[in-house]
Structure formats: C-alpha cells, structure tokens
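Listed below are the residues making up each chain.
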Amino acid sequence: MNDASVEANGLVREFKGDVRAVDGVSLSVPAGQIYGFLGPNGAGKSTIIRILTTLLSPTAGSATVGGHDVVKEADAVRHKIGVALQDAAIDPFMTGRELLRLQGVLHGLSRNETRKRGERLLERVDLVDAADRRVGTYSGGMRRRLDLALALIHEPQVLFLDEPTTGLDPISRHTLWNEVRRLNRETGTTVFLTTQYLEEADELANRVAIIAQGRIVADGTPTDLKAEIGQPTLSITVSRDQLDDARTTMARFGAPAPNGDSGLSIQLPDGAAGVAGVVRALDEAGVTATGLDLSEPSLDDVFMAKTGKRMEADEVTAS
Amino acid sequence: MNLALRQTGALGRRALIRTMRVPQAWVPSLFFPLMLMAIFSGSFAQAPGMIPGFPEVAGFLDFIIAGTILQAVLIAGTSGGAAFAADIEGGFFDRLVSSPASRLALIGGRITANIVIGVAFAAFFITVAMIFGARISGGVPGLLLTFVFTVFLAAAAGGLGVTLALRSGSAEAAQGAFPLFFALMFFSSAFFPRETMDGWFKTVADLNPVSYVVEGMRVPIAGTGDASDALLGLVIVIGLAAISIVATLRSLDRRLKGDL
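Residues numbered from 1 in each chain as written. Chains lettered and ligands numbered in written order. Predicted model: local features only at pLDDT ≥ 70, side-chain atom pairs only at ≥ 80, totals over all residues.

Caption draft 1: Region of interest: the packing of helix H2 (residues 27–43) of chain B against helix H4 (residues 60–90) of chain B. All names here are of chain B. Direction vectors running N to C along H2 and H4 enclose 155 degrees, while the axes themselves pass 9 Å from each other. Between H2 and H4, the angle falls in the class roughly antiparallel. The chirality of how H2 crosses H4 is right-handed. Residues Pro28, Ser29, Leu30, Phe32, Pro33, Leu36, Met37, Phe40 and Ser41 of H2 lie in contact with H4, whose contacting residues are Phe60, Leu61, Ile64, Thr68, Gln71, Ala72, Ile75, Ala76 and Ser79. Tallied by class, the residues present in the contact of H2 with H4 amount to 13 nonpolar, five polar and no charged. (Axes fitted to C-alpha atoms, helices over the stretch in contact; angles between N-to-C directions. Helix = DSSP H or I, 4+ residues; strand = E, 2+ residues; numbered from the N terminus. Parallel < 35°, antiparallel > 145°, perpendicular 65-115°, else oblique. Left-handed = near helix turned anticlockwise from the far one by under 90°. Contact = placed C-beta atoms within 7 Å. Nonpolar A, V, L, I, M, F, W, Y, C, P; charged D, E, K, R; others polar.)

Here it is, written out as structure tokens:
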C-alpha cells in the first residue's frame with residue numbers, strides 16, 4: 001500500500017499527424033528517490049509526465065505509479081500523486097488561501113484538515129503574508145511555491161514537478177530546490193521532476209534520465225553518467241621555462257595537451273584519485289605548479305556524447 | 001456522493017468568485033439585456049393595445065421580461081463557457097483532472113454557478129421591471145415558476161457553453177458561440193409575439209424551441225396563454241437542459257480520453 005515507485009514500460013504516445021512525442025520509454029524509479037528527467041524543449045518530457053499523472057493515455061505501453069496502473073486505476077493513482085505542472089496553472093483571480101482550500105476539497109479532505117495543513121504549508125513555503133492576496137499579484141517564485149504547496153496539501157507519496165524552476169531567478173530557484181530536498185528527506189516523498197537545466201538535474205536528482213526526441217538516451221546517477229563518458233581533466237599552469245619538464249613528467253600519466261601558453265591538460269584515467277600521483281611526480285621533478293584545476297565532465301558533455309548536440313543554448317537564455 | 005456534492009459546491013463557488021472578480025465577465029450579461037428591455041419597452045409601449053393579435057398584457061414591459069431573462073442567461077452561458085475554456089487553456093483544468101475529484105464535479109461546478117447567476121439575474125430584471133411598473137401576474141407562485149424556468153434555461157445554456165469549451169479548448173472559440181445564441185434568441189418570440197409575425201420569419205420562430213420556452217415563461221410573468229403553454233415550455237426547457245448536459249458529459253469523456 002505504501003508503494004511510492006514509478007514504473008513505465010515501453011511508453012509510446014503519438015499525436016495527430018504521426019508525431020511520436022514519446023517513443024518507447026521505460027523507466028523505474030524506486031520509492032523515495034528524486035528522479036530528474038533532463039532534456040531540451042520538445043524532447044517529450046511533458047508528454048511523459050502527463051501520461052504518468054493520468055492526464056493523457058499512452059498510445060502503447062503501460063505505466064504504474066504507486067503500484068497502480070495509470071490507465072486502469074487512474075483514480076487510485078490520483079489519490080497518491082501531487083502534481084505541479086508547467087505554466088504554474090493557478091487562477092490569478094483567486095487568493096492563495098482560497099486555492100489551497102479548494103485543492104483540499106478536491107482531494108476529499110475535511111475542512112478542518114485542509115485548514116490545518118494549508119496553514120502549515122503556507123508557513124513552510126513562506127507565503128503566510130501573501131495568502132490573502134490574489135495570485136495575479138505574486139512574483140514567479142511565489143507562484144511556484146504556492147503551486148508546490150497546492151501539490152502537497154494531501155501529503156502525496158509521489159510528487160510530479162514539470163519544470164519547476166523554468167523562468168525563475170537563481171535565488172528563487174535555490175529556495176525551491178531546498179524545499180524539494182527537505183520534503184524528500186523528511187517525508188520520503190518520491191519526486192519525479194522534469195527539467196531543461198543541467199544544473200538542476202545535477203544538484204537535485206539522485207538519478208537522471210536524459211531524454212531526446214522521445215527516447216531515453218542515458219539513465220543513471222549524475223556521477224555515473226559523467227564517469228561513463230570520460231575521465232576528469234587535470235589542468236596545470238607552470239612558469240614558461242618549466243613547461244618542457246612538466247610535459248615530460250605528465251606524459252607518464254597521459255597525453256598532455258597544451259592549454260594556453262604556459263598550461264598543460266591531461267585526462268586522468270584513474271579519475272580524481274590520480275591527482276595526487278601527478279602532483280607528487282611534478283614535485284619530484286622540481287616543477288612548481290602555479291595553478292591546478294580539476295574539471296569533471298558535465299551532464300552537457302553526457303548529452304553531447306549521447307545525442308551529438310549541446311543543450312547549452314537553452315541554458316544560457318533561461319538562466 | 002456526498003463528497004462529489006461538496007466538490008461541485010466548491011468548484012461552483014470558485015466559478016462564482018471568479019466571475020464576480022472579473023466585471024467584464026458579468027457586466028455585459030446585465031447591461032445589454034437591460035438596454036434592450038428599456039429600448040423595446042419604450043419604443044413599443046403602445047404596441048400591446050394597438051397591434052391586432054398582440055396577446056393581452058398589462059404592458060410591453062411585462063411582456064418582455066421573459067425575453068430579457070432569456071437573453072441574460074444565454075450571454076452568461078457564453079461567458080461561462082469562455083471562462084471554462086480559459087481554465088483549459090491556462091492549465092487549471094489539468095489541476096482538477098489530475099486530482100481525484102469527481103469527474104461530474106468538474107463540469108457540475110461551472111453549471112451550478114451558471115444557474116446561481118441566472119437566478120440572480122432573473123431576480124434583478126424582475127425587480128427593475130417592477131420598479132418601472134410591471135406586475136408579476138402569477139404572484140409569488142408565478143415568481144417561483146419563473147425561477148424554475150430560469151434554472152433549467154441556465155443549465156441548458158451553461159451546458160452548451162461548457163460543451164463548446166471542452167470541444168474547442170479555446171476561449172475564443174467558446175466566445176464564438178455568441179452569434180449562435182443571438183440567432184436563437186432573435187429568431188424566436190423572445191421580444192415579439194408570434195401572432196404578429198409572418199412569412200419565413202414566423203416559420204423559423206415556429207420551429208425554434210426557444211419560442212416555446214419564452215412563451216411558457218410568460219404565462220406566470222405576464223399572464224399570456226394558459227397552463228398548457230406553461231407546461232409545454234417547461235417540458236421543452238427541461239429537455240434542452242437534459243440534451244445539453246448529456247452533450248457536456250460526452251464532450252468531457254472525449255476530452256479526458258485525449259480525443260480532443
């Protein structure tokens with residue numbers, strides 16, 4: 001009964017005109033995880049979240065949320081899930097408190113219970129002072145926080161967030177992340193979120209699926225995904241007269257590539273653990289490194305490796 | 001069932017609150033019918049006694065109250081449909097659908113709100129008309145019967161508005177039903193008796209079910225016709241409401257299945 005997992009098997013969704021928005025997606029999210037669904041606009045993220053939240057039926061394949069089939073047991077699924085969809089669909093003419101009260105009734109809570117939980121949630125998302133103002137006067141960050149509170153009024157086991165921080169400034173974004181983390185930690189709520197922000201997937205999710213053109217192209221923990229496509233790069237800076245010595249020493253660990261006019265980079269085959277060895281060897285050779293930098297491959301590198309394209313363009317314009 | 005009723009009530013309340021907070025959503029439904037009521041009852045003040053065949057009424061104002069209520073309820077139906085479509089466009093409807101709320105409450109709330117608005121409008125027009133000298137010939141029972149008519153009329157118009165919203169998913173398209181409502185209203189006996197019509201216009205008015213509803217409604221208000229006219233009107237308006245609500249339920253079903 002307390003199953004809070006999300007499973008999908010070969011999900012396909014076609015729209016009119018033979019558009020395959022989702023093209024055979026299978027995934028498995030154990031209870032209590034924060035699962036990030038990363039992909040650019042139009043990759044099929046929203047379509048999948050709409051299927052999992054019973055708003056859209058799949059053309060083929062099946063999915064269960066909390067152990068219930070999203071098509072055959074849609075109502076049981078709706079009792080278990082909290083949903084905050086893109087566009088923060090909240091009526092601008094209503095106040096935050098009115099919307100919370102309505103949401104409570106929709107989930108079958110008693111008036112008393114709704115009030116108690118509503119006040120607690122308002123406090124939690126820091127909207128007590130704004131609760132009786134119309135939502136139309138809220139900032140983007142306030143709306144998302146209210147949206148989160150609305151999704152939580154019935155204490156769902158699985159929380160779906162569709163691009164929860166799109167269009168938010170960095171501070172509001174971090175506030176929301178902290179709230180989601182805290183919720184996950186304190187209540188064990190499974191969180192399924194879609195995002196087009198690499199940083200969001202990296203920081204927030206325990207596990208990330210990268211989606212492009214309706215298919216999952218990679219799936220794993222952010223660390224594993226990055227490790228899978230390459231080793232971290234170590235870059236050093238030395239004074240120019242020591243450059244040759246440095247190159248000879250570093251060649252024992254990998255193929256040094258020039259980096260600027262007094263720098264060298266190598267890929268560390270043993271990962272970050274190999275840094276000490278290189279530094280010791282340089283020291284023994286009498287080379288003084290004036291700068292040292294270790295860079296991990298980013299999720300963008302993973303995306304690039306899997307799809308041949310960069311996600312960055314969106315990232316820059318949105319943040 | 002009790003919960004479904006509570007949900008319908010809560011969604012109806014929300015639809016009402018929203019309507020009240022957006023004056024553009026209800027001022028036209030009051031203003032235009034009020035204006036037409038003033039213009040017609042002023043222009044045709046002498047008509048009842050002078051035009052041969054005009055039903056016997058105390059005054060044109062008494063005669064036109066039913067048509068005025070009809071007009072307001074139809075405009076409110078369009079606005080309600082447009083508001084519902086805006087909920088679909090904005091994503092509020094998705095919030096409702098992804099909750100375990102009763103599917104019936106999803107449309108019941110809006111239609112209930114339309115009924116409340118319709119009855120309030122009817123009360124308003126009757127009050128205004130009475131201030132200007134009209135009398136409700138059926139007394140208090142007549143007034144109650146008028147409200148019964150209004151309830152079903154508002155359910156029919158509200159259902160039609162919501163149906164269009166569910167089918168189109170666009171506020172503009174739902175608003176586009178306005179000319180249809182207008183035609184239904186003007187090509188009927190809402191403002192003039194069928195007795196004074198002739199030719200193709202009379203044929204259309206004879207075929208238009210709205211004519212019988214308005215004429216039925218005029219029985220308790222203006223004392224025209226007899227009990228059989230009232231009964232016929234009532235049966236037709238209940239039928240229209242039933243058809244409209246069945247259409248709404250089917251459209252809801254299709255939208256929830258993702259066919260629309």
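Caption draft 2: Highlighting the interface of chain B and chain A. Every contact between the two is made by 22 residues of chain B and, on the other side, 20 residues of chain A. Breaking the side of chain B that touches chain A down by element, the ones donating at least two residues are helix H1 (2–21) and helix H5 (92–97) of chain B. The greatest single-element share of the side of chain B that touches chain A, amounting to eight residues, is contributed by H1 of chain B. Broken down by class, the residue content of the side of chain B that touches chain A amounts to nine nonpolar, six polar and seven charged.

Caption draft 3: Structural view of the confidence of the model for chain A. Looking at chain A, the pLDDT average stands at 87 and 96% of residues meet or exceed 70. In this model, residues 313–319 of chain A is a region of pLDDT below 50 whose contacts with residues beyond four sequence positions or in other chains number nine contacts. (pLDDT = per-residue confidence, 0-100.)

Caption draft 4: View of the pairing of strand E1 (residues 6–15) of chain A. All names here are of chain A. Here five bridges tie E1 to strand E4 (residues 60–65), and the two strands are oriented antiparallel to one another. Residue Val6 lies in a different strand from E4, and its bridge partner there is Val65. Note: E1 against strand E2 (residues 19–29), eight bridges, orientation antiparallel. Looking at E2, one finds that Phe15 is bridged to Val19. Following E1, the chain reverses through three residues before pairing antiparallel with E2; Gly17 in that reversal takes a positive phi of roughly 80 degrees. (Pairing = 2+ DSSP bridges.)

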